[in-house]
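The lines below spell out each chain.
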Amino acid sequence: MSLVKALCGAARLVLGGGAGRTWRHSARTLSQTAPQLETDVNHNENINPIFVNRNPRNLEQMALAVKDRGWSTVWPSRRYYHRLVFRRSQHHISAKVYPRDSHVPVLTCSTQEWAVKKELGSTRCVAACQAVGEVLAQRCLEAGVTHVVYWEIPWVFRSSTVRAFTTAMKDGGVVLNEPRRKYI
């Protein structure tokens, strides 16, 4: 009860009434700034002790993931995230993209597929190589694979079919070499 009387008396003094005294203060002199609430500055910097990487390819795309070097005498080298393999058989052409840690291809395209085969006159010509390159480039971009490594023996690389394939892959938006690994 005494607290209420004290607050009422203080209010009368502020408003200018009570005990014959008049107080003439402007609002500027009586106002106070609101108390600032202290925020936890380090709240955004807290790290969860249990971290699960929901995008395992994130380190590959930033060129920070470890590349398996393999033995120095092995050809082709094992320093890649994705490897492109182009094969020509007696009747068909195929191309596959392999990840670094598996022998199962991630993406494939071949002239044995009906969708590709029905658009071609021959399944072994230069136009077939170009069509396989265009389709595989589109599939790579849809899967998020923008860089692949493509090694070929120099005298094979000079053939017109391989040139048509690599040109179609490059024109499709796939880079045929990978960025150097960043060491941080």
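Residues numbered from 1 in each chain as written. Predicted model: local features only at pLDDT ≥ 70, side-chain atom pairs only at ≥ 80, totals over all residues. Heavy atoms only, no water.

### What about the side chain of E178?
Here E178 is to be found in the segment after α7 (160-171). Within polar-contact distance, the side chain of E178 engages the backbone nitrogen of Y81 at 2.8 Å. Of the polar contacts made by the side chain of E178, one reaches the backbone nitrogen of H82; its length is 2.9 Å. Look past the residues within four positions of E178 in its chain and what remains in contact with it is K67, R79, Y80, Y81, H82, H147, V148 and V149. (Helix = DSSP H or I, 4+ residues; strand = E, 2+ residues; numbered from the N terminus. Polar contact = N/O pair within 3.5 Å; in protein donor to acceptor, adjacent residues only side chain to side chain. Contact = heavy atoms within 4.5 Å.)

### Re the environment of L141
Its location among the elements puts L141 in helix α5 (residues 126-143). The class of L141 is partly exposed, set by a relative accessible area of 37%. For the pair formed by L141 and G173, sequence separation is 32 residues and the distance between their alpha carbons is 7.4 Å. Setting aside its immediate chain neighbours within four residues, L141 contacts T146, G172, G173 and V174. (Buried < 20%, exposed > 50% of the residue type's maximum accessible area, 1.4 Å probe, protein only.)

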